[in-house]
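So you can see what is in the structure, the chains are spelled out below.
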Amino acid sequence: MKKETIRGLNGYDIPCVNNLSGDERRIVIISHGLGSSKESPTAKSMASALTEHGIGTYSFDFPAHGDSPVDGEKFRISNCLNDLTAVEAHVRELRLGAEIAYFSSSFGAYINLIYLATRTHAGKKSFLRCAAVDMPRLFRNITSQEQYTQLREQGYIMPDFDYIRPLKFTREFYDDLEAHDVFKLCRPDMAEIAMIHGDADETASVVDARRFAKQFGARLTEVKGADHRIMTPGGLDRVIKTAVQFFKEN
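Residues numbered from 1 in each chain as written. Predicted model: local features only at pLDDT ≥ 70, side-chain atom pairs only at ≥ 80, totals over all residues. Heavy atoms only, no water.

Draft legend 1. Spotlight on unusual backbone geometry. The phi angle at cysteine 130 is positive, at roughly 50°, despite the residue not being glycine. Looking at the element boundaries, cysteine 130 is found in the loop between strand S6 (125-129) and helix H4 (135-142). (Helix = DSSP H or I, 4+ residues; strand = E, 2+ residues; numbered from the N terminus.)

Listed below in structure tokens is the structure:
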């Protein structure tokens, strides 16, 4: 994997990794989940598998994640969308004529859906792993009354989650979530969408994934007994096999 840093639209640098060799006809942009990074186990496994089929991958860190040089003050929905916009533009410059597609996990899938609904994009195919399609409600459920008080009084909270690096959630980020409901923003014609979701997902309910798939015509694969990371025996292999097949289809 090759590392590089590109200049984003928000004035800060975006750390990236890619496996491009020069002759790929399709490139998948990978977006990670909340608290994760461009080099998560799923991102690395996905990149390795797609390379074997001649498909390139390009991964990047959202603001305040991984090797990003900025903190949670920059972790806003608009900044995440701008970073994805900058990454896609860079990939298109690197490989003129290559088809663009997307692979995203959890929060990254939420951002990818908003991106498809609100931004000009080249990609026609998007694969969503454990998509947090109702991110506003998810945050309402995990935020305690004490944390809401902290948000009001100091403007941010830093929950003790098992993330790669501490992550600050600002009052403005919470406002962003409430302003971005993918069930209201998305359209069936914005891209061909496939989803994979554990039916025992304790973070992003499979019920919401089913509702999204039905409303927007997405292809949903359910993994029996799998949690939010789909790390049950054979789970990661199932994710990779399903995604590779989707990206290989014309």
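Draft legend 2. Quick look at the packing of helix H2 (residues 77-94) against helix H3 (residues 107-118). Between H2 and H3, whose axes approach to 10 Å, the crossing angle comes to 75°. By the angle between their directions, the pair H2 and H3 is classed as roughly perpendicular. Facing Ile77, Cys80, Leu81, Leu84, Thr85 and Glu88 of H2, the residues of H3 in contact are Phe107, Tyr110, Ile111, Asn112, Ile114, Tyr115 and Thr118. Tallied by class, the residues present in the contact of H2 with H3 amount to nine nonpolar, three polar and one charged. (Axes fitted to C-alpha atoms, helices over the stretch in contact; angles between N-to-C directions. Parallel < 35°, antiparallel > 145°, perpendicular 65-115°, else oblique. Contact = heavy atoms within 4.5 Å. Nonpolar A, V, L, I, M, F, W, Y, C, P; charged D, E, K, R; others polar.)

Draft legend 3. Summary view of the packing of aromatic side chains. Inspection of every chain in the model, using the stated rule, returns 20 aromatic pairs. Ring geometry for phenylalanine 75 versus phenylalanine 107: centroids 5.4 Å apart, planes at 55°, classification tilted. In this pair, phenylalanine 75 sits in the loop between strand S4 (56-60) and H2 while phenylalanine 107 sits in helix H3, placing the two residues 32 residues apart along the sequence. Each of the two residues, phenylalanine 75 as well as phenylalanine 107, counts as buried. Within the aromatic cluster, the residues linked to one another by ring pairs are Phe60, Phe62, Phe75, Phe107, Tyr110, Phe139, Tyr148, Phe169, Phe173 and Tyr174. (Phe/Tyr/Trp six-rings, centres within 6.5 Å; stacked < 30°, edge-to-face > 60°. Buried < 20%, exposed > 50% of the residue type's maximum accessible area, 1.4 Å probe, protein only.)

Draft legend 4. Summary view of the side chain of lysine 125. Checked against the element boundaries, lysine 125 lands in strand S6. Reaching out from lysine 125, the side chain makes a polar contact with the backbone oxygen of phenylalanine 246 at a distance of 3.0 Å. Those residues within four positions of lysine 125 in sequence are excluded, and the remaining contacts are Arg26, Ala101, Tyr102, Glu192, Phe246, Phe247 and Glu249. (Polar contact = N/O pair within 3.5 Å; in protein donor to acceptor, adjacent residues only side chain to side chain.)

Draft legend 5. Structural detail: the nonpolar core. In this structure, Phe107, Met195 and Phe212 are the most contacted members of the largest nonpolar core, which totals 61 residues. Per element, the largest residue contribution to this core is nine residues, and it comes from H3. Those residues in contact with methionine 195, other than ones at most four positions away along the chain, are Leu128, Ala131, Val133, Ala209, Phe212, Ala213, Ala218, Arg219, Leu220 and Thr221. Within the second largest apolar cluster, 22 residues are counted, among which are Ala101, Val223, Ala226 and Ile240. (Core = buried A, V, L, I, M, F, W, Y, C linked by side-chain atoms within 4.5 Å.)

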